[in-house]
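# Chain and residue survey
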Amino acid sequence: MLDTLILAGQVVVPESKGRALRGTEMNELKIIDNGAVGIKDGVISFIGTAEEATKLQAAETIDAAGKLLSPGLVDPHTHLVFGGSREHELALKQQGVPYLEILAQGGGIHSTVKATRETSEDALYEKGLFHLNRCLTYGVTTMEAKSGYGLDKETELKQLRVAKKLNETHPIDLVSTFLGAHAIPENYKGRPDAFLEEMLSMLGVISKEGLAEFVDIFCETGVFTVEQSKVFLQKAKTAGFGVKIHADEIDPLGGTEMACEIGAVSADHLVGASRDGVQMLGESETIAVLLPGTTFYLGKDQFAPARDMITSGAAVALSTDFNPGSSPTENLQFIMNLAALKLKMTPEEIWNAVTVNAAFAIGRGDVAGSLEEGRKADLVLWDVPNYKYVPYHYGVNHVQKVWKNGKLVVGKGDVHANYTLST
Ligand code: NIG
Ligand code: FE
């Protein structure tokens with residue numbers, strides 16, 4: 001006897017090959033028409049057609065004929081825990097002051113560092129909870145959370161501890177990344193190497209307390225060079241961490257190539273990735289995490305060359321880059337719209353990029369981002385007629401219900417208009 005049986009017009013089943021999908025594989029997406037998914041003890045115990053499911057008994061049956069069921073989405077790059085906000089920078093952006101200029105003048109990331117240092121651990125937790133709840137309502141059940149708004153030992157640890165507590169108490173599974181190398185703080189101005197050593201000296205306690213699995217660095221003009229980033233990440237790797245990089249986000253410095261060379265789990269942003277970089281992504285295991293919301297919000301015309309990457313055979317994932325400066329949004333569905341319109345990705349590629357590939361980009365490919373019997377039941381019911389509809393209809397939240405480990409966590413009262421669009 002199942003606990004719950006969900007019948008849906010379409011069930012999205014991203015393929016789990018034990019690794020991220022690459023190149024043309026990204027355009028393959030298994031869809032079960034008139035499908036059914038069964039849940040027992042928090043785990044998926046049946047996937048098939050509604051017809052096959054007629055032989056099953058369930059304590060509760062949800063008839064969502066004409067709607068879409070998918071795995072919980074995975075958001076693999078966020079700066080979830082921070083103090084304050086930066087709406088005061090909007091006017092500067094409108095006047096055309098560049099992002100790196102605001103940073104160089106002590107604003108941008110530095111302004112959030114100040115606010116985060118001044119915010120108590122409890123208040124950061126409450127604020128993180130607020131954002132996390134919103135992510136959940138948009139269909140995300142697993143996501144990454146970076147530190148990087150402390151730039152000193154005490155505050156970096158405070159952020160990481162908040163993320164750990166959020167992971168323990170909130171339905172969303174959080175994967176933590178240490179981004180102490182996010183900017184150079186005032187007291188280390190002109191001494192980037194000394195600052196990086198200071199951040200590396202934290203790896204012992206981070207690993208002892210289980211505060212992060214990954215280490216990341218902002219490789220950018222005026223922040224850290226490719227060479228500094230390489231040395232830093234190699235040391236983090238030797239200390240047992242998976243490594244990630246903010247690369248070629250604003251200026252094309254060659255961080256993409258370096259990430260592939262050192263075996264980074266992911267290279268993120270990649271707007272200015274060179275031809276060589278794109279080629280190397282196609283030949284390496286490094287996953288390209290693209291963040292078109294950031295390009296949009298920074299007001300740039302040129303987006304990451306997603307099509308070239310997929311043609312070269314790369315594995316592409318998508319993410320919000322949720323943060324208070326360059327991408328203040330928890331809405332991964334809007335990122336799916338931007339991926340369609342600005343990155344020219346197909347609906348199939350987009351779904352794979354926010355499920356299976358996103359999960360592999362944060363080391364969770366074996367548990368998240370796909371539907372398989374025996375996996376925990378992280379599911380989203382969408383108030384849309386088919387999977388192509390989500391990247392198409394933008395600016396609204398299409399999620400009707402979310403289950404985490406088989407438990408209904410969003411949509412208990414069915415607040416959404418409960419009518420079915422025709423296919
Ligand atoms: O991914 N570029 C560096 N880090 C973030 C932005 C952080 C901020 O502006 O607060 C990013 O864009
Ligand atoms: Fe980021």
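Rules and cut-offs
Residues numbered from 1 in each chain as written. Chains lettered and ligands numbered in written order. Predicted model: local features only at pLDDT ≥ 70, side-chain atom pairs only at ≥ 80, totals over all residues. Heavy atoms only, no water. UniProt positions renumbered as here; feature names shortened; annotations may be inferred. Phe/Tyr/Trp six-rings, centres within 6.5 Å; stacked < 30°, edge-to-face > 60°. Helix = DSSP H or I, 4+ residues; strand = E, 2+ residues; numbered from the N terminus. Buried < 20%, exposed > 50% of the residue type's maximum accessible area, 1.4 Å probe, protein only. Pairing = 2+ DSSP bridges. Near = heavy atom within 4 Å. Polar contact = N/O pair within 3.5 Å; in protein donor to acceptor, adjacent residues only side chain to side chain. Areas by Shrake-Rupley, 256 points an atom, 1.4 Å probe, with all protein chains shown as cover. Nonpolar A, V, L, I, M, F, W, Y, C, P; charged D, E, K, R; others polar. Axes fitted to C-alpha atoms, helices over the stretch in contact; angles between N-to-C directions. Parallel < 35°, antiparallel > 145°, perpendicular 65-115°, else oblique. Left-handed = near helix turned anticlockwise from the far one by under 90°. Contact = heavy atoms within 4.5 Å. Donors = N, O, S within 2.8 Å, 3.2 Å for Na, K, Ca; no water. Lys, Arg positive; Asp, Glu negative; His and termini not counted. Salt bridge = Lys/Arg side-chain N within 4 Å of Asp/Glu carboxyl O.

Per an unreviewed UniProt entry, the chain is named Imidazolonepropionase, and its organism is Fictibacillus phosphorivorans. Quoted verbatim from the Sequence similarities (unreviewed entry) field of the UniProt record, the comment on the chain reads "Belongs to the metallo-dependent hydrolases superfamily. HutI family." According to its UniProt record, the chain has this under Pathway (unreviewed entry): "Amino-acid degradation; L-histidine degradation into L-glutamate; N-formimidoyl-L-glutamate from L-histidine: step 3/3."

Below, the discussion takes up the packing of aromatic side chains. Counted under the stated rule, the structure contains seven aromatic pairs. When the centroid spacing of 6.4 Å and the interplanar angle of 10° are considered together, the rings of Phe195 and Phe224 count as stacked. One end of the pair, Phe195, is in helix 7 (residues 192-200); the other, Phe224, is in the loop between strand 8 (214-217) and helix 9 (226-238), with 29 residues separating them in the sequence. The class of Phe195 is buried, set by a relative accessible area of 0%. Consider the rings of Trp351 and Trp382, whose centres lie 5.5 Å apart with planes at 85°: the pair is edge-to-face. Of this pair, Trp351 sits in helix 15 (residues 347-353) while Trp382 is found in strand 13 (residues 379-382), placing the two residues 31 residues apart along the sequence. Through a chain of ring-to-ring contacts, the aromatic side chains of Phe82, Tyr149 and Phe322 assemble into a single cluster.

Turning our eyes to something else, we now look at the pairing of strand 14 (residues 399-404). Along any regular strand, the residues point their side chains to alternate faces of the sheet. Among the six residues that make up strand 14, six are buried, leaving the element largely enclosed by the rest of the structure. Examined bridge by bridge, strand 14 and strand 15 (residues 407-410) share three bridges and lie antiparallel to one another. Its bridge partner lying in strand 15, Trp403 is registered against Leu408. What sits between strand 14 and strand 15 in their antiparallel hairpin is a turn of two residues, with Asn405 showing a positive phi close to 50°.

So, about the site of ligand 1. What surrounds ligand 1 is a group of 15 residues, the closest being Arg86, Tyr99, Tyr149, Glu249 and Ser326. Within the side chain of His182, an N or O atom sits 2.8 Å from a nitrogen atom of ligand 1. Between ligand 1 and His269, the relevant distance is 3.0 Å, taken from an oxygen atom to a side-chain nitrogen or oxygen of the residue. Protein coverage of the free-state accessible area of ligand 1, which is 330 Å², stands at 100%. Here the residues of the shell around ligand 1 are counted per class, giving four nonpolar, eight polar and three charged.

Phi is positive for Asp248, close to 50°, though the residue is something other than glycine. Relative to the helices and strands, Asp248 resides in the loop between strand 9 (242-247) and helix 10 (255-262). Located in the positive-phi region is Lys344, a residue other than glycine, with phi close to 60°. Turning to its location among the elements, Lys344 is positioned in the loop between helix 14 (332-341) and helix 15.

Contact geometry for helix 9 and helix 10: axes closest at 10 Å, N-to-C directions at 25°. Judged on the interaxial angle alone, helix 10 and helix 9 are roughly parallel. The handedness of the crossing between helix 9 and helix 10 comes out as right-handed. Counting all contacts with helix 9, which are made through Val226, Ser229, Lys230, Leu233, Gln234 and Lys237, the residues of helix 10 involved are Gly255, Met258, Glu261 and Ile262. Considering only residue class, the contact of helix 9 with helix 10 consists of four nonpolar, three polar and three charged.

Another point: the pairing of strand 4 (residues 58-71). For strand 1 (residues 2-13) and strand 4, the ladder comprises eight bridges, and the chain directions are parallel. Directly across from Leu5, in strand 4, lies its bridge partner Thr61. The pairing of strand 4 with strand 13 spans four bridges and is antiparallel. The partner of Ser70 across the bridge, within strand 13, is Val380.

For the rest of this paragraph, the subject is the coordination of the iron ion (ligand 2). Donor atoms from the polypeptide that bind the iron ion (ligand 2) are His77 (NE2), His79 (NE2), His246 (NE2) and Asp321 (OD), placed at 2.1 to 2.3 Å. Written as a sequence motif, the donor arrangement for the iron ion (ligand 2) is H-x1-H-x166-H-x74-D. Here His246 lies in strand 9 and His79 lies in the loop between strand 5 (73-75) and helix 2 (90-94), a separation of 167 residues in the sequence. The residues His79 and His246 share a single accessibility class, namely buried.

So, on to the side chain of Glu220. Here Glu220 is to be found in the loop between strand 8 and helix 9. Lacking a salt bridge, the buried Glu220 has Lys300 as its closest oppositely charged neighbour, with an N-O distance of 8.5 Å. If we skip the residues at most four places from it in the chain, Glu220 touches Leu100, Glu249, Ile250, Asp251 and Leu253.

A few words on the environment of Phe82. Examined against the element boundaries, Phe82 turns out to sit in the loop between strand 5 and helix 2. The exposure class assigned to Phe82 is buried, which follows from its relative accessible area of 4%. The sequence separation of Phe82 and Val162 amounts to 80 residues, and the corresponding C-alpha distance is 9.9 Å. Filtering out sequence-adjacent residues up to four positions away, Phe82 remains in contact with Thr112, Thr116, Leu124, Lys127, His131, Tyr149, Phe322 and Pro324.

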